[in-house]
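An overview of the molecular structure
For reference, the chains in residue letters:
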Amino acid sequence: MNLNYCNLPIQVITNDSNWVDILTLLFTIISIIVIIYVVFLAKQTEIQYDKFKKLCLDLVDSELNNIYLYIKEQHNIGSRELYIINEYFSDLNILFISIRKIYPKIDIDALQNCSFEYTDQIFERKDADSAKLYFHQTRISILNDLYNYAYFKELNFLQRGVLKVFSNVKYF
Amino acid sequence: MDKRDIHLSKLITSTEIDSISGRKFGQDFAETEGVLKLLENGFIIKIIIDDTKVKAINDSFWKGFLSKVFERLKSKSEVNKLLEFDCNSSFKKQIDKNFEILDSIYNES
């Protein structure tokens, strides 16, 4: 029984079908590789962010909290209070140095400048309300610098992914 | 080596003031006192802090006052050889912390 009613070349149809199957299979394999790679990068970034959070953000935040708890209790700012607040900020600056040993690209100068500007202001004004108000600005600036560093420099997921792909291209 | 004294109480110009702050203020004071020139000429500098007049100094002042010295000598061990401090233990502790901070900035090795 002849099923080839239109007299089409059966061999050609079979070949086309094979190509589609092969392309589909190839596409599926590439998709799986890309998905695995993206999941791997996401997990890697998550672990690195977790490390950054524990070693850097949490420690800095806790140090800033200690400073705030002290400042909050003060109704007058005299030289003794100034000395103690400055000492807290010295400890914070020492913490920045320790962080830079793990994250050498971090802009420690910018972070230290935030604390220097704050102590300059309160040494100048010697006023408890200003000390509280300016402290929030300083805290925001320091944490903002750290988050920016984490997201845009150290843990830039997209950039790291693209760079990795391009650095691997030369091996093909 | 000859010694030269620098009194930080010079910066207290009124009885209402008992604290010292400001990076620029520190830089200007180091220049006025010729700190670098004294070190280049082989002097040891003794910095005297009279705690009856000076009650608090901020890190920003120390950074301004000492950054050129650290830029030249790089490490805190070298700076310690040429700078001496005559002050109470609280100020000594503060100066040690600032040496640590400046050493980390200027001592790359």
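This is a predicted model, so every value here is computed, not measured.

Below, the discussion takes up the overall build of chain B. Each helix and strand in chain B was counted, giving 5 helices and 5 strands. Written out in order from the N terminus, the α and β elements of chain B read β-β-α-α-β-β-α-α-β-α. Computed over C-alpha atoms, the radius of gyration of chain B comes to 13 Å, within 12% of the 13 Å expected from 2.2 N^0.38 for 109 residues, which places it in the range of a compact globule. Projected onto its principal axes, the C-alpha coordinates of chain B cover approximately 45 × 30 × 25 Å. Classification of the 109 residues of chain B by burial places 51% in the buried group. Counting only carbon and sulfur atoms, one obtains 46% of the accessible surface of chain B, whose full area is about 5,500 Å². With 18 positive and 19 negative side-chain charges, chain B shows a spacing of 1 Å between the two charge centroids.

To continue, consider helix 5 (residues 89-106) of chain B. Helix length check: helix 5 of chain B, at 18 residues, gives a terminal C-alpha distance of 25 Å against a target of 26 Å (1.5 Å per residue), a fit within 8%. Those residues of helix 5 of chain B lying buried are B:Phe91, B:Gln94, B:Ile95, B:Lys97, B:Asn98, B:Phe99, B:Ile101, B:Leu102, B:Asp103, B:Ser104, B:Ile105 and B:Tyr106. Summarising the contacts, the buried residues of helix 5 of chain B are in contact with helix 2 (79-102) and helix 3 (108-125) of chain A together with strand 4 (56-57), helix 3 (59-73), helix 4 (76-82) and strand 5 (83-86) of chain B. By the N-cap criterion, in which a side-chain oxygen at the helix start approaches the backbone nitrogen of a residue two or three places on, helix 5 of chain B is capped by B:Asn88, the distance to B:Ser90 being 3.1 Å.

In this section: unusual backbone geometry. Of note, A:Lys126 is a non-glycine position whose phi angle comes to about 50°, a positive value. Structurally, A:Lys126 can be placed in the loop between helix 3 and helix 4 (128-154). We classify A:Lys126 as partly exposed; its relative accessible area is 28%. A positive phi angle, near 70°, is found at B:Lys74, a position not held by glycine. For B:Lys74, the position within the fold is in the loop between helix 3 and helix 4.

With that settled, the discussion passes to the interface of chain A and chain B. Often, the extent of an interface is quoted as the loss of accessible area upon association of its parts. Counting from both sides, the interface comprises 20 residues of chain A and, opposite them, 22 residues of chain B. Taken together, both faces of the contact between chain A and chain B bury some 1,800 Å²; the carbon and sulfur share is 50%. When the buried surface of chain A facing chain B is broken down by residue, A:Tyr83, A:Phe116 and A:Phe123 rank first, second and third, together holding 30% of it. For the pair chain A and chain B, the number of links is 5 salt bridges. Linking chain A with chain B are 15 residue pairs in polar contact (both at pLDDT 80 or more). When residues of the side of chain A that touches chain B are traced back to their parent elements, those giving at least two are helix 2 and helix 3 of chain A.

Turning to the environment of A:Tyr103, a few remarks are in order. Residue and element names in this part refer to chain A. By secondary structure assignment, the location of Tyr-103 is in the loop between helix 2 and helix 3. In this structure, the C-alpha to C-alpha distance between Tyr-103 and Tyr-134, residues 31 residues apart in sequence, is 28 Å. Excluding residues that lie within four positions of it along the chain, Tyr-103 makes contacts with Gln-48, Lys-51, Phe-52, Tyr-149 and Glu-154.

Let us now look at empty space enclosed by the protein. Scanning the entire structure with this criterion turns up 1 cavity of 30 Å³ or more. Secondary-structure elements contributing two or more residues to the lining of the largest cavity are helix 2 of chain A together with helix 5 of chain B. Split into classes, the residues belonging to the lining of the largest cavity amount to 1 nonpolar, 3 polar and 2 charged.

On to the sheet that holds strand 3 (residues 44-48) of chain B, then. Residues and elements named next belong to chain B. Spatially, 3 strands are ordered 1-3-5 in an open sheet, and the strand pairing comes out parallel. The open sheet has two free edges, formed respectively by strand 1 (3-7) and strand 5, since each of these has just one partner strand. Shown here is a sheet whose adjacent strand axes are inclined to one another by a mean of 25°, direction ignored. When strand 1 meets strand 3, the two strands line up parallel, connected through 5 bridges. Paired with Ile-6 across the bridge in strand 3 is Ile-47.

Volume-wise, the second largest pocket comes out at about 240 Å³. Mapped by element, the contributors of at least two residues to the lining of the second largest pocket are helix 2 of chain A together with helix 5 of chain B. Of the residues forming the lining of the second largest pocket, the biggest block, 5 residues, is contributed by helix 2 of chain A. A per-class count over the lining of the second largest pocket returns 3 nonpolar, 4 polar and 5 charged.

This part covers the confidence of the model for chain A. In the predicted model, chain A carries a mean pLDDT of 86, and 81% of its residues have values of at least 70. Per-element confidence in chain A is highest for helix 2 of chain A, whose mean pLDDT is 94, and lowest for helix 5 (residues 157-169) of chain A, whose mean pLDDT is 57.

Our focus in this paragraph is a nonpolar patch on the surface. Residues and elements named next belong to chain A. A surface patch of nonpolar side chains, about 690 Å² in accessible area, is lined by Trp-19, Ile-22, Leu-23, Leu-26, Ile-30, Val-34 and Val-38. Within the secondary structure layout, Val-34 lies in helix 1 (residues 10-73). Relative accessible area serves as the criterion here: at 44%, Val-34 is assigned to the partly exposed category.

About the criteria used
Residues numbered from 1 in each chain as written. Chains lettered and ligands numbered in written order. Predicted model: local features only at pLDDT ≥ 70, side-chain atom pairs only at ≥ 80, totals over all residues. Heavy atoms only, no water. Helix = DSSP H or I, 4+ residues; strand = E, 2+ residues; numbered from the N terminus. Rg over C-alpha atoms; globule rule 2.2 N^0.38 Å. Buried < 20%, exposed > 50% of the residue type's maximum accessible area, 1.4 Å probe, protein only. Areas by Shrake-Rupley, 256 points an atom, 1.4 Å probe, with all protein chains shown as cover. Lys, Arg positive; Asp, Glu negative; His and termini not counted. Charge placed at Lys NZ, Arg CZ, Asp CG, Glu CD. Expected span 1.5 Å × (residues − 1). Contact = heavy atoms within 4.5 Å. Polar contact = N/O pair within 3.5 Å; in protein donor to acceptor, adjacent residues only side chain to side chain. Buried area = accessible area lost by both parts, 1.4 Å probe. Salt bridge = Lys/Arg side-chain N within 4 Å of Asp/Glu carboxyl O. 1 Å grid on protein atoms, 1.4 Å probe; cavity = no way out; pocket = protein on both sides within 12 Å on 5 of 7 lines; lining within 4 Å. Points joined across faces, edges and corners; volume = space filled by probe spheres on them. Nonpolar A, V, L, I, M, F, W, Y, C, P; charged D, E, K, R; others polar. Pairing = 2+ DSSP bridges. Axes fitted to C-alpha atoms, helices over the stretch in contact; angles between N-to-C directions. pLDDT = per-residue confidence, 0-100. Patch = residues over 30% accessible without salt bridge, like charges linked within 9 Å, V, L, I, M, F, W, Y side chains within 5 Å.

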